[in-house]
Structures are given as structure tokens and as C-alpha cells.
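Geometric and topological summary
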Amino acid sequence: MPYFVATYAYTPDTAARDEVRPVHREWLAGLGERLVLSGPTDADGAVLVFEAPDAAAVEALLDEDPFTTGGIVAERRVVGWNPILGRLAGSL
């Protein structure tokens, strides 16, 4: 199954982000095998890597993210990704 990388850029409302974060992380934990890895960036955003049939499936999934429904995500982008080289490439 193909991989997809989603990037988030957050709104400047850090109080709202802090409030919604526990529910967001619980939601992420419930995604099981679909979520390969995720984490915040140092630029007020996040990177999430998914294994999914297509980008539309990832977009639909991210529409349910409490950070999305809570208005925390200002911008979102989903692109296909083909890991070829690197330390983790063989494990994906």
C-alpha cells in the first residue's frame, strides 16, 4: 500500500492547540496501522505519514482529526511518498 505525507501548519492560537492536543493524540493513537509516524515540527506544524490506498483516503481521515475539526490546522497538504533510501526505508 502506498505512503502519504501530510503536513499541518497550525493557527497561532496555542491555547486552543494545548486544549485539543490530548484528544488529537488519542485520535492518532486509534488509527492503528494506517499511521506510520507523526510529530510536531519546530515551525508550528506537524508531519504525519500514512499508509493508505490513495491521497483522498488520507484527506478524508484528516477531516476527522480533532485538530482539523477544532480549527487548529490553518493549512494542510497531502502528497504521495515513495521511501527509497535511508535508515528507515527498509522497515517501511
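The following refers to the structure shown.

Reading guide: rules and limits
Residues numbered from 1 in each chain as written. Predicted model: local features only at pLDDT ≥ 70, side-chain atom pairs only at ≥ 80, totals over all residues. Heavy atoms only, no water. Helix = DSSP H or I, 4+ residues; strand = E, 2+ residues; numbered from the N terminus. Expected span 1.5 Å × (residues − 1). Bend = angle between axes of the 7 residues up to and from the residue. Buried < 20%, exposed > 50% of the residue type's maximum accessible area, 1.4 Å probe, protein only. Contact = heavy atoms within 4.5 Å. Phe/Tyr/Trp six-rings, centres within 6.5 Å; stacked < 30°, edge-to-face > 60°.

1. Section: helix α1 (residues 14–29)
When the terminal C-alpha atoms of α1 are compared, their 22 Å separation across 16 residues agrees well with the 22 Å that a helix rising 1.5 Å per residue should span. Considering bend angle alone, the principal kink of α1 is centred on Val20 and spans about 45 degrees; proline Pro22 follows within four residues of it. Every buried residue of α1 is listed here: Arg17, Val20, His24, Trp27 and Leu28. Turning to α1, the residues buried within the fold contact β1 (3–10), β2 (35–40), β3 (45–51), α2 (55–62) and α3 (66–69).

2. Some points on the packing of aromatic side chains
Throughout the structure, instances matching the rule amount to three aromatic pairs. When the ring of Tyr10 is compared with that of Phe67, the centres are 5.4 Å apart and the planes differ by 90 degrees; the resulting orientation is edge-to-face. On the criterion of sequence distance, the pair formed by Tyr10 in strand β1 and Phe67 in helix α3 is long-range, its members being 57 residues apart. Phe67 shares its class with Tyr10; the two are buried. Among the aromatic residues, those joined into a ring-pair cluster are Tyr8, Tyr10 and Phe67.

3. Considering the environment of Ala46
With respect to the element layout, Ala46 can be found in strand β3. The exposure class assigned to Ala46 is buried, which follows from its relative accessible area of 6%. Sequence spacing of Ala46 and Ala6 is 40 residues, and the spatial spacing of their C-alpha atoms is 8.1 Å. Filtering out sequence-adjacent residues up to four positions away, Ala46 remains in contact with Ala6, Thr7, Tyr8, Tyr10, Gly39, Pro40 and Thr41.

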